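For reference, the chains in residue letters:
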Amino acid sequence: MKKDTLNQTFKHLRENIGMTTAEKERVLSVLKEHTALHTAAVESPLFATRSPFGTVGTWFGRFAAVAVIMVVITGSGIVAVANEALPGDALYGFKINVNEEIQSFLRPSSPAAQLAYEAERTQQRIQEAQTLIEQDRFDQDAQEDVAKSLAKHSKTIDTQAKKAAIEEPKAYQAVSKDIQKQIATSVDVLVEAADKKEDAAIKVSLENVLAVTDSTVKSIETIDTVIALETPIVD
């Protein structure tokens, strides 16, 4: 049943949503600029050449580049529709695994920049949970999707935070303060939305979500403490 729904969704998108000529030209232009600025040598036993994937030598880098090209071919409409998807929707996987990963790929690669983006994604997951609660759609599948995504973001935040604290301590301190405030604010709004429903089951369903967000904030706080004790930043 779920497979049929997904097939119908893609059929509708193919038939009704397309990419304008201007949009295609813009995306291709961005791709050309990126590859021109970030070319990387690839050794060959016969002759020297350049990699079309630029500095992206990893499998994911190639995947992201191919995904962007796929969007040019199939149309940008699916990207726009997927951006509005919520946990449990047919295009939610496309949103978090393609759209958002491409955005991450196109952003600055510094740990602080990636940390900030993962924090944005964490806020987005919390806001999605809030929307689903308000729409009475926060079922088991949606809860699992949100909790799984938040756990992934939390792990990345921890990794990038540790790197940023070492490589970009000043940038890290600025970002870490914002992250803690933003997540705390988003969680407060989420809990308020759940309280308005006066449904004990919803509050119980939020336990996993709140446990992950709490873990994320504590991870940042721990790193902040280590920095304050060992490597205080002096302007």
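Quick look at the structure, then.

## Describing the pattern of salt bridges
Right, so step 1: One pass over the structure, following the stated rule, counts 14 salt bridges.
Right, so step 2: Between Lys95 and Glu128 there is a salt bridge whose closest N-O contact spans 2.6 Å. Note that Lys95 is positioned in helix 5 (residues 92-106) and Glu128 in helix 6 (residues 111-134), a separation of 33 residues in sequence.
Right, so step 3: The exposure class assigned to Glu128 is buried, which follows from its relative accessible area of 1%.
Right, so step 4: Glu101 is the salt-bridge partner of Arg121, the closest N and O atoms lying 3.4 Å from each other. Taken together, the residues Arg121 in helix 6 and Glu101 in helix 5 connect sequence positions 20 residues apart.
Right, so step 5: The class of Arg121 is buried, set by a relative accessible area of 4%.
Right, so step 6: Put simply, Lys95, Glu100, Glu101, Glu118, Arg121, Arg125, Glu128 and Lys152 are held in one network by salt bridges that share partners.

## Observations regarding the environment of Tyr92
Right, so step 1: With respect to the helices, strands and loops of the structure, Tyr92 is situated in helix 5.
Right, so step 2: For the pair Tyr92 and Ala82, spaced 10 residues apart in sequence, the C-alpha separation works out to 6.3 Å.
Right, so step 3: When residues no more than four places from it in sequence are discounted, the contact partners of Tyr92 are Ala85, Leu86, Pro87, Arg125, Glu128, Asp145 and Ser149.

The rules behind the values
- Residues numbered from 1 in each chain as written.
- Predicted model: local features only at pLDDT ≥ 70, side-chain atom pairs only at ≥ 80, totals over all residues.
- Heavy atoms only, no water.
- Salt bridge = Lys/Arg side-chain N within 4 Å of Asp/Glu carboxyl O.
- Helix = DSSP H or I, 4+ residues; strand = E, 2+ residues; numbered from the N terminus.
- Buried < 20%, exposed > 50% of the residue type's maximum accessible area, 1.4 Å probe, protein only.
- Contact = heavy atoms within 4.5 Å.

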